[in-house]
Amino acid sequence: MSKEILENNLDSFNERLPILNDRDIVNIRSKGRKFASDLGFRNQDQTLIATALSEICRNVIEHAGKGEVIIKSVIIGKKIGISFIVKDNGPGIKNLDRALQFGYTTGRGMGVGLSGTKRIMDEFELETKQGVGTTVTMTKWLNEFEY
Amino acid sequence: MRVPILKQGSYLIASVQSSLSDEELIQLSDDLIDKVSDVRSKGVIIDVTVLDVMDSFATRVLRDIAQMIKLKGAPTVVVGIQPEVALAMVSLGLTLGSLKTALDLEEGLSLLKNPLSEDND
Ligand SMILES: Nc1ncnc2c1ncn2[C@@H]1O[C@H](COP(=O)(O)OP(=O)(O)OP(=O)(O)O)[C@@H](O)[C@H]1O
Ligand SMILES: [Mg+2]
């Protein structure tokens, strides 16, 4: 399938989904998994991707109330990947350096979400502004031998 | 959907049937804690074979359930964590703490029945 995407259809999927409650998290991560599987990601990577997506969407619910996610395929040169843009208009993150540290939490969590997700994904960018909101953009690339 | 909890001998077995929302996980926690006192259970097994993701929330709830059930005098074993799920948990930096795990139901039950021979923590 990936080869066809590469040759025929540069933007194979691009879907925007609201993140309003914990039910949405379950649906979004299974959708993320399905898209990843369609692109050719192996089961292990699908699970990593779904787990990362779950963490970032959960942060939206827990720390910002609500938001949205865009799930899309990306093709840059010969590279194929899956990207997630997770956006909210919540309070933003006061101390980003600390928030990215393993074990740091302002809530009841274990403080693994951001640091762990950053480790799991190939690209991870976090933009945040207090009082404005937070946007996480993250990508996982297919290994070349997979397509 | 509510997770069914079956009684087998003096053990309780909760088999997760589909991916769980947070609410359903909390419900499972409440149900198990109620039931464990009701039936004076000697141990609890939570079967998570069907779960394809265990994120920080699910892990925390499972750890909390085990902790609360321990206070009621019974051990908890989580069975059926898929290898790729376990690997994703490790990659994320999640640990199960003192939560006991086993491959499947059978191994879980024997772990509960012979805690001394296999329980080394
Ligand atoms: N979307 C967001 N909006 C506002 N603050 C956020 C957002 N995401 C993360 N944070 C802040 O960054 C901190 C670290 O996030 P991280 O996901 O690593 O840990 P956690 O959510 O607190 O716990 P865990 O993910 O282990 O359950 C949070 O405690 C919170 O203060
Ligand atoms: Mg988090």
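The coordinates are above.
What comes next is a walk through the structure.

Cut-offs and rules
- Residues numbered from 1 in each chain as written.
- Chains lettered and ligands numbered in written order.
- Predicted model: local features only at pLDDT ≥ 70, side-chain atom pairs only at ≥ 80, totals over all residues.
- Heavy atoms only, no water.
- Helix = DSSP H or I, 4+ residues; strand = E, 2+ residues; numbered from the N terminus.
- Buried < 20%, exposed > 50% of the residue type's maximum accessible area, 1.4 Å probe, protein only.
- Pairing = 2+ DSSP bridges.
- Axes fitted to C-alpha atoms, helices over the stretch in contact; angles between N-to-C directions.
- Contact = heavy atoms within 4.5 Å.
- Near = heavy atom within 4 Å.
- Polar contact = N/O pair within 3.5 Å; in protein donor to acceptor, adjacent residues only side chain to side chain.
- Areas by Shrake-Rupley, 256 points an atom, 1.4 Å probe, with all protein chains shown as cover.
- Nonpolar A, V, L, I, M, F, W, Y, C, P; charged D, E, K, R; others polar.
- Phe/Tyr/Trp six-rings, centres within 6.5 Å; stacked < 30°, edge-to-face > 60°.
- Lys NZ or Arg CZ within 6 Å of the ring centre and 35° of its normal.
- Parallel < 35°, antiparallel > 145°, perpendicular 65-115°, else oblique.
- Core = buried A, V, L, I, M, F, W, Y, C linked by side-chain atoms within 4.5 Å.

Regarding unusual backbone geometry
All names here are of chain B.
Stage number 1. Within the chain, R40 stands out as a residue other than glycine whose phi angle is a positive 45°.
Stage number 2. Among the secondary structure elements, R40 is positioned in the loop between α1 (22-38) and β3 (43-47).
Stage number 3. On the accessibility criterion, R40 (73% relative accessible area) is exposed.

Some words on the sheet that holds strand β1 (residues 5-8) of chain B
Residue and element names in this part refer to chain B.
Stage number 1. Strand order in this open sheet of five strands is β1-β2-β3-β4-β5, and the pairing throughout is mixed. The open sheet terminates on both sides in strands that have one partner only, identified here as β1 and β5 (100-102). Neighbour-to-neighbour, the strand axes of this sheet turn through a mean angle of 25°, independent of strand direction.
Stage number 2. When β3 meets strand β4 (residues 76-79), the two strands line up parallel, connected through four bridges. Within β4, the position partnered with I46 by the bridge is V78.

Here we look at the sheet that holds strand β3 (residues 79-88) of chain A
Residue and element names in this part refer to chain A.
Stage number 1. What the five strands build is an open sheet, ordered β1-β2-β3-β5-β4; its pairing is antiparallel. Every other strand in the sheet has two partners, leaving β1 (14-19) and β4 (123-129) as the edge strands with one partner each. Taken pair by pair, the neighbouring strands of this sheet meet at an average axis angle of 15°, ignoring direction.
Stage number 2. Pairing of β3 with strand β5 (residues 133-141), which is carried by eight bridges, proceeds in the antiparallel orientation. Looking at β5, one finds that D88 is bridged to T134.
Stage number 3. Strands in contact with helix α2 (residues 22-39) are β1, β2 (67-76) and β3; relative to β1, the strand with the most contacts, it is inclined by about 165°.
Stage number 4. Taken strand by strand, helix α5 (residues 113-120) contacts β4 and β5, and its axis lies near 145° from that of β4.

A short note on the site of ligand 1
Stage number 1. Surrounding ligand 1, one finds 19 residues, the nearest of these being N59(A), H63(A), T105(A), T106(A) and G111(A).
Stage number 2. More than one chain approaches ligand 1, the contributing ones being chains A and B.
Stage number 3. In the environment of ligand 1, an oxygen atom lies 2.5 Å from a nitrogen or oxygen atom belonging to the side chain of T106(A).
Stage number 4. Within the backbone of G111(A), an N or O atom sits 2.7 Å from an oxygen atom of ligand 1.
Stage number 5. Notes on ligand 1: free accessible area 600 Å², of which the protein chains cover 96%.
Stage number 6. Broken down by secondary-structure element, the contributors of at least two residues to the shell around ligand 1 are α3 (43-64) and α5 of chain A together with α2 (56-71) of chain B.
Stage number 7. The element best represented in the shell around ligand 1 is α3(A), accounting for three residues.
Stage number 8. When its residues are assigned to classes, the shell around ligand 1 shows six nonpolar, ten polar and three charged.

Observations concerning the side chain of T134(A)
Residue and element names in this part refer to chain A.
Stage number 1. Within the fold, T134 resides in strand β5.
Stage number 2. Of note is the side chain of T134, whose polar atom sits 3.0 Å from the side chain of T128.
Stage number 3. Excluding residues that lie within four positions of it along the chain, T134 makes contacts with V86, K87, D88, G92, I93, L126, E127 and T128.

Topic: the packing of aromatic side chains
Note on aromatic pairs: each is described by the distance of the centres and the angle between the planes.
All names here are of chain A.
Stage number 1. Under the criterion given, the structure shown has one aromatic pair over all chains.
Stage number 2. Taking 4.0 Å as the distance between ring centres and 10° as the angle between the ring planes, the aromatic pair formed by F13 and F35 counts as stacked. You can see F13 sitting in the loop between α1 (2-8) and β1 and its partner F35 sitting in helix α2, a full 22 residues away along the chain.
Stage number 3. Of note, K79 hangs over the ring of W141, and the distance from its end group to the ring centre comes to 4.5 Å.

As for the packing of α5(A) against helix α3 (residues 83-92) of chain B
Stage number 1. Interaxial distance between α5(A) and α3(B) falls to 8 Å at its minimum, and their mutual angle equals 115°. As the angle between them shows, α5(A) and α3(B) are arranged roughly perpendicular. Together, G116(A), T117(A), R119(A) and I120(A) of α5(A) and A88(B), V90(B), S91(B) and L92(B) of α3(B) make up the contact between the two elements.
Stage number 2. Broken down by class, the residue content of the contact of α5(A) with α3(B) amounts to four nonpolar, three polar and one charged.

Let's talk about the nonpolar core
Stage number 1. In this structure, V69(A), I71(A), I82(A), F84(A), M138(A), L32(B) and I46(B) are the most contacted members of the largest nonpolar core, which totals 65 residues.
Stage number 2. With residues up to four places along the chain from it excluded, the contact list for L32(B) reads I5(B), A14(B), V44(B), I46(B), I65(B) and I69(B).
Stage number 3. Counting residues in hydrophobic clusters, the runner-up holds nine residues, among them Y11(B), V77(B), V79(B) and L111(B).

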